[in-house]
Amino acid sequence: MTEQDFPKVICGRRFTRADLDLIRRIIAADPASWRTKISREVCAALGWFKPDGGLKDMSCRVALLRLHRAGLIQLPAPRNGASTSRTPRRTPEGEPRKLIVQPVQQLLPLTLQRVTRKESPLWNELVDRYHYLGYKHLTGAQLRYLVHSPAGLLAALGFSAAAWKVQPRDAWIGWSAEQRVANLHLVVNNSRFLILPWVQSKNLASKILAACARRLPADWLAVYGYRPVLLETFVEKDRFHGTCYKAANWVHVGTTQGRGKLDRYKERKLPVKDIYLYPLAPDFRQSLAGSIPPSL
């Protein structure tokens, strides 16, 4: 990325050269400042807000980091030296537990526990230990859940920001590039789904997905001030068949091309994934591609 590439869309926002100059002035105005403060000041100066009126701080932090790594701005060193790639801790609570093999009806009722600061270390540990992708910090708007039953802890799920541009999804929705930029926040990605390896119960995964689809819109509204209208997920073709998503009535709309965001030469370097979508509202297309806002 160079200055000649601007105007350029980063993290869903169009940045111009004038924006770059403004960011540089904010950084230069207080050399002793820290990254979080700079991000908030940039959000306010650029008018970069979430639908609920709050600063779009997490997206701004990611955008500033990308500009910093490209050499276009110079951020101060992190104050605490923290790294989002730090390996989660190992605790007795995350150790394998007693095998759960009951039929799904005997595991009901399922309880979805929204992960807060208190439960976050356990969620991170379980995903890092037992999910094939391991733990990765979810950026931007997100919700995480632990799933319990009378038999014990069953699963961990994470929902976060949608993929920026996915041709089969975008064609299925029928929105324009401008509509996608304006309304992408109404799409939420099921970025992690882990049935714990000692839990073996047929049809449990689809039951959990159905429970999440019912619960998530209200939780998202409570946390972020708006209701999402569509869920998406990506399933590696060579590893899984998407059976639980099909059983939960998610719609298969195509596959990815197996390329990363920076693959300019169209060399396939990433696993090909099936794309599944699940509408959360009957008028989701109007909300995403029309002028009608989603009902609260």
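Residues numbered from 1 in each chain as written. Predicted model: local features only at pLDDT ≥ 70, side-chain atom pairs only at ≥ 80, totals over all residues. Heavy atoms only, no water.

1. Observations regarding the sheet that holds strand β3 (residues 111-114)
In step 1: Spatially, β3-β4-β5-β6-β7-β9-β8 is the arrangement adopted by the seven strands of the open sheet, whose pairing is mixed. The sheet is open, and its two edges are formed by β3 and β8 (251-255), each paired on a single side. Strand-to-strand twist of the sheet, defined as the mean angle between neighbouring strand axes without regard to direction, takes the value 30°.
In step 2: With four bridges joining them, β3 and strand β4 (residues 143-149) adopt antiparallel strand pairing. Within the sheet, the bridge partner assigned to Q113 lies in β4 and is L146.
In step 3: The strands touched by helix α4 (residues 120-130) within the sheet are β4, β5 (152-161) and β6 (187-195), with β4 carrying the most contacts at an inclination of about 85°. (Pairing = 2+ DSSP bridges. Helix = DSSP H or I, 4+ residues; strand = E, 2+ residues; numbered from the N terminus. Axes fitted to C-alpha atoms, helices over the stretch in contact; angles between N-to-C directions. Contact = heavy atoms within 4.5 Å.)

2. Let's talk about the confidence of the model for the chain
Interpretation of this model should avoid reading the predicted coordinates in detail wherever pLDDT is low.
In step 1: For the chain, per-residue confidence averages 89 on the pLDDT scale, and residues scoring 70 or more make up 92% of the total.
In step 2: The lowest-confidence element of the chain is strand β1 (residues 8-10), averaging 86 in pLDDT; the highest-confidence one is β3, averaging 98.
In step 3: Segment residues 261-265 is flagged for pLDDT under 50; beyond a separation of four residues in sequence, or across chains, it makes one contact in the model.
In step 4: Here residues 292-296 scores under 50 on pLDDT; set against residues more than four positions off or in separate chains, the count is 12 contacts. (pLDDT = per-residue confidence, 0-100.)

3. Section: the packing of helix α1 (residues 17-29) against helix α2 (residues 35-46)
In step 1: For the pair α1 and α2, interaxial distance at closest approach is 10 Å and the crossing angle is 140°. One way to sum up the angle between α1 and α2 is to call them oblique. As α1 packs across α2, the resulting crossing turns out to be right-handed. Here D19, L22, I23, I26 and I27 of α1 lie close against α2, whose contacting residues are I38, E41, V42, A45 and L46.
In step 2: Across the contact of α1 with α2, the residue classes break down as eight nonpolar, no polar and two charged. (Parallel < 35°, antiparallel > 145°, perpendicular 65-115°, else oblique. Left-handed = near helix turned anticlockwise from the far one by under 90°. Nonpolar A, V, L, I, M, F, W, Y, C, P; charged D, E, K, R; others polar.)

4. Overview of the layout of surface pockets
It is the rolling of a water-molecule-sized probe over the atoms that shows where space remains empty.
In step 1: In this model, the second largest pocket occupies a volume close to 190 Å³.
In step 2: Considering the residues around the second largest pocket, the lining is formed by I195, V199, Q200, S201, K202, N203, L204, A205, S206, T243, C244 and A247.
In step 3: Elements with a contribution of two residues or more to the lining of the second largest pocket: α7 (204-224) and α8 (243-247). (1 Å grid on protein atoms, 1.4 Å probe; cavity = no way out; pocket = protein on both sides within 12 Å on 5 of 7 lines; lining within 4 Å. Points joined across faces, edges and corners; volume = space filled by probe spheres on them.)

5. Digging into the packing of aromatic side chains
In step 1: Tallying each qualifying case throughout the model produces 10 aromatic pairs.
In step 2: Ring geometry for Y245 against W250: centres 4.9 Å apart, planes inclined by 75°, an arrangement best described as edge-to-face. Each member of the pair, Y245 as well as W250, is classed as buried.
In step 3: Through pairs of rings, three or more aromatic residues link up here, namely F193, Y245, W250, Y276 and Y278.
In step 4: For R13, the ring lying beneath its charged end belongs to F15, and the centroid distance is 5.2 Å.
In step 5: Over the face of the ring belonging to W123 we find R144, whose NZ or CZ atom lies 5.0 Å from the ring centre. (Phe/Tyr/Trp six-rings, centres within 6.5 Å; stacked < 30°, edge-to-face > 60°. Buried < 20%, exposed > 50% of the residue type's maximum accessible area, 1.4 Å probe, protein only. Lys NZ or Arg CZ within 6 Å of the ring centre and 35° of its normal.)

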